[in-house]
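Single-letter residue listing:
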Amino acid sequence: MEDVIVVTGGAGFIGANFVLSWLEEEGRAIVNLDKLTYAGNLRSLEQVMSDERHIFIRGDIGDRACVEGIFRMYRPWAVVNFAAESHVDRSIHGPRDFIETNVLGTFELLECVRAYWTELSSDEKRRFRFLHVSTDEVYGSLHPNDPPFSEESRYQPNSPYSASKAASDHLVRAYGHTYGLPVLTTNCSNNYGPLQFPEKLIPLMIVNALELKELPVYGDGQQIRDWLYVRDHCAAIRMVLRGGRPSEVYNIGGWNEMKNLDVVERICGLLDEMKPRADGKSYREQIRFVKDRPGHDRRYAINASKIQREIGWKPKETFESGLRKTVEWYLNNMEWVNEVRTGAYRDWIEKNYGSR
Ligand code: NAD
Ligand code: DAU
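These numbers were taken from a predicted model, which means no experiment stands behind them.

Here we take up the sheet that holds strand β2 (residues 30-34). The sheet built from seven strands is open, its strands ordered β3-β2-β1-β4-β5-β6-β11 with parallel pairing. The open sheet has two free edges, formed respectively by β3 (54-58) and β11 (249-252), since each of these has just one partner strand. In this sheet, neighbouring strand axes are inclined to one another by 20° on average, regardless of whether the strands run parallel or antiparallel. Where strand β1 (residues 5-8) meets strand β4 (residues 78-81), four bridges bridge the pair, whose relative direction is parallel. The partner of Val-6 across the bridge, within β4, is Val-79. Along the sheet face, helix α2 (residues 64-74) touches β1, β2, β3 and β4 and points at about 175° away from the line of β2. Sheet contacts for helix α6 (residues 160-179): β5 (129-135) and β6 (183-188); angle to β5, the most-contacted strand, approximately 155°.

Here it is, written out as structure tokens:
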């Protein structure tokens, strides 16, 4: 097989969207290494599970024998690392898995990549890329009048999740600097869209609304996030992989700052229109203000001018069109939702919201 790339975490939300869009847009083979934690779901990849260009392997990025075997067998020209524990609230309840996968797992993966890359021919070495998918949360929290995060912003991670991602970013940077490994890092803002596990704000609110449950808004709901449609993020990663300069960092964002409460109200408005409540009332009636997240970051915003200037990427979807598509997708895919909501999901809901 030629021209193969390896992705890790390709059964998760962004990873699965990336695998699907890679096959649609590039049509080239992709090896997908995923541990299938609670957040990984092969149902998301149903349509490509028998496509010979998609090779799924269940495994851990921290398992060197497994990763080395994959590199030996498929000889990829790139590795894109999505695999991570990704939910801030879970990291507050139990940080260990975050250190294990995001820090140690990334370290083991980098070691395998370094060993593999060292043995490549000089042409192959030049072509090779390791792209690390990271987050804007490593930069901490902004005040209302601060400029958005740029690639030069200081790292100031506030949660165990963002601290573990920051540690992995530093390791990636160091492997570029010390060993000359051709690394790329992307720091992206909040994604939304189809296939997102219903523990994150947007899918949780859609699903709770439809089930006539409370819509739990943390604190005063005035926290700001910069929302990006997931397929726009996937396009940005493809473009950075092809056009990014090794050792560079690219911030990716939607130029779309929104307060949480406004996001929840928009979701209610769309559902009122697309699937009105039987009693004729608005879904807004289900909104409840609950105890805030400890250490809750107040505002994130990304300055995405570098990637636009150097690589020519900018988001295509507006928040209005993207949110409508997303609500529609969940309305049509409640079977997927029910399947990913196992016993482990129910335990989580009880742990996070039971005493709020
Ligand atoms: P997700 O939680 O939906 O998916 C993570 C995937 O990684 C799952 O399929 C899981 O099974 C897999 N995984 C976890 N540990 C693993 C391990 N040790 N080995 C192999 N696979 C493992 O996450 P997501 O929202 O799709 O995020 C993907 C990446 O993008 C993460 O690195 C995250 O930090 C980053 N990111 C996410 C967002 C967002 O808004 N969701 C924004 C910016 C950056
Ligand atoms: O900024 C990028 C990051 O965005 C990614 O790195 C993370 O992987 C991803 O989970 C996301 O982190 P957030 O903490 O911003 O996302 P979350 O969906 O958990 O929460 C979004 C906002 O909504 C946040 O301010 C907390 C709030 N919230 C969340 C939930 C789940 C609520 O008010 N109520 C809720 O029930």
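After that view of the structure, there is still more to cover.
Below, the discussion takes up the environment of Ile-252. With respect to the helices and strands, Ile-252 occurs in strand β11. Separated by 19 residues in sequence, Ile-252 and His-233 have C-alpha atoms that sit 7.2 Å apart. Apart from the residues within four sequence positions on either side, Ile-252 is in contact with Thr-186, Asn-187, Cys-188, Ser-189, Leu-228, His-233, Ala-236, Ile-302, Ile-307 and Trp-313.

Here we come to the site of ligand 1. The immediate surroundings of ligand 1 are formed by 28 residues, with Ile-14, Asp-34, Ser-86, Tyr-161 and Lys-165 found nearest. Ile-14 places a main-chain nitrogen or oxygen 2.8 Å from an oxygen atom of ligand 1. A total of 840 Å² of accessible area belongs to ligand 1 in isolation, and the protein chains cover 97% of it. Breaking the shell around ligand 1 down by element, the ones donating at least two residues are α1 (13-25), β5 and α6. No other element matches β5, which puts three residues into the shell around ligand 1.

Conventions we followed
Residues numbered from 1 in each chain as written. Chains lettered and ligands numbered in written order. Predicted model: local features only at pLDDT ≥ 70, side-chain atom pairs only at ≥ 80, totals over all residues. Heavy atoms only, no water. Pairing = 2+ DSSP bridges. Helix = DSSP H or I, 4+ residues; strand = E, 2+ residues; numbered from the N terminus. Axes fitted to C-alpha atoms, helices over the stretch in contact; angles between N-to-C directions. Contact = heavy atoms within 4.5 Å. Near = heavy atom within 4 Å. Polar contact = N/O pair within 3.5 Å; in protein donor to acceptor, adjacent residues only side chain to side chain. Areas by Shrake-Rupley, 256 points an atom, 1.4 Å probe, with all protein chains shown as cover.

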